[in-house]
Amino acid sequence: MAAKADIEAVIWDFGGVFISSPFEAFNRYEAEQGLPKDLIRRINATNHHDNAWALFERNEVDADRFDQLFLEESTALGHPVQGRDVLPLLSGSVRPRMVAALKACKQRFKVGCITNNVVSMHSPGQDEIQRAAGAMGQIMPLFDAIIESSKAGVRKPDPKIYRMMCELLAVKPEACVYLDDLGINCKPAAALGMRAIKVVDVDQTLAELAAVTGLTFDAEEPA
């Protein structure tokens, strides 16, 4: 199928898209520790522009300060959790079909990555297993442009970071598709005119991406 003429770029989130979502690991940790389900997500959603997580993703605090602030915020919600215990939960496993889809898109479109990340060995794809498997090494070089919140000093859902990517790729928002596993990050992309796809699972994502780009993607895991 031919690519649609009005699409020029496909812009991707990283964690929760190419790497399995940390939310699954958060829920396992909460169950193991006897904590309320989705507590960590609730902590991160409270004062989400200026909380410990936001400051860490903009590289405005170091890991020690993040640990302290996260403990204060979780304690305020009635369930003390050390920030240093949360960081190892960020690592995930690669989704090969998403990587294959990225490669297919790269043949027809400009491709970019906007990721909220932290300066930590536990960032998605940065743990020992993922480095050994070459996860970051096989995915990141495929992008024409990459914006990392910890380096740019701005994070999603700030509309500025999406406009920055459009400038790097020399495209208008209306000519872009944007994929993210968080609705809060899809909304500003859509508001700018991008076709936003919320990543729920791989089958759903690739079906929606095929519909908007005109491309076809493998239904099976690459060999």
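Quick look at the structure, then.

So, how was this worked out
- Residues numbered from 1 in each chain as written.
- Predicted model: local features only at pLDDT ≥ 70, side-chain atom pairs only at ≥ 80, totals over all residues.
- Heavy atoms only, no water.
- Helix = DSSP H or I, 4+ residues; strand = E, 2+ residues; numbered from the N terminus.
- Buried < 20%, exposed > 50% of the residue type's maximum accessible area, 1.4 Å probe, protein only.
- Polar contact = N/O pair within 3.5 Å; in protein donor to acceptor, adjacent residues only side chain to side chain.
- Pairing = 2+ DSSP bridges.
- Right-handed = clockwise from strand over helix to strand, strands pointing away.
- Arc of directions from axis to C-beta.
- Contact = heavy atoms within 4.5 Å.
- Core = buried A, V, L, I, M, F, W, Y, C linked by side-chain atoms within 4.5 Å.
- Disulfide = S-S within 2.5 Å.

### Considering the environment of Trp 12
Part 1 of the argument: Within the secondary structure layout, Trp 12 lies in strand S1 (residues 9-12).
Part 2 of the argument: With a relative accessible area of 0%, Trp 12 lands in the buried category.
Part 3 of the argument: The sequence separation of Trp 12 and Ile 114 amounts to 102 residues, and the corresponding C-alpha distance is 6.2 Å.
Part 4 of the argument: There is a polar contact of 3.3 Å between the side chain of Trp 12 and the backbone oxygen of Val 10.

### A short note on the pairing of strand S4 (residues 176-180)
Part 1 of the argument: Most of S4 is tucked away: five of the five residues are buried.
Part 2 of the argument: A two-sided burial pattern is seen for S4, the buried positions comprising Cys 176, Tyr 178 and Asp 180 on one face and Val 177 and Leu 179 on the other.
Part 3 of the argument: One ladder, built from four bridges, connects S1 with S4; its direction is parallel. Its bridge partner lying in S4, Ile 11 is registered against Tyr 178.
Part 4 of the argument: Across four bridges, the pairing between S4 and strand S5 (residues 195-198) is parallel. Within S5, the position partnered with Asp 180 by the bridge is Lys 198.
Part 5 of the argument: Handedness of the β-α-β unit built from S4, helix H11 (residues 183-191) and S5 comes out right-handed.

### Comments concerning H11
Part 1 of the argument: Taken as a whole, H11 has its buried residues at Asn 185, Cys 186, Pro 188 and Ala 189. Angularly, the buried residues of H11 cover 165 degrees about the axis, an arc narrow enough to put them on a single face. Turned more than 90 degrees from where H11 packs its buried face, Lys 187 and Ala 191 sit exposed.
Part 2 of the argument: If you follow the buried residues of H11, they end up packed against helix H10 (159-169), S4 and S5.
Part 3 of the argument: Following H11 by one or two positions, Gly 193 adopts a phi angle in the positive range, close to 110 degrees.

### Some points on the nonpolar core
Part 1 of the argument: Counting 30 residues, the largest nonpolar core has Trp 12, Phe 18, Cys 105, Phe 143 and Leu 209 as the members making the most contacts within it.
Part 2 of the argument: Within the residue set of this core, elements represented by two or more residues are S1, helix H6 (96-106), strand S2 (110-115), S4 and helix H12 (202-213).
Part 3 of the argument: Apart from the residues lying within four places of it in its own chain, the contact partners of Phe 143 are Trp 12, Phe 18, Leu 102, Val 111, Gly 112 and Cys 113.
Part 4 of the argument: In this structure, Ile 40, Ala 52, Leu 87 and Val 118 belong to the second largest nonpolar core, which totals 22 residues.

### Let's talk about the state of the cysteines
The term disulfide refers to a covalent linkage connecting the sulfur atoms of a pair of cysteines.
Part 1 of the argument: Going through the model one piece at a time under the given rule, you end up with zero disulfides.
Part 2 of the argument: Between Cys 166, a free cysteine, and Cys 176, which holds the nearest cysteine sulfur, the sulfur-to-sulfur gap is 4.2 Å.

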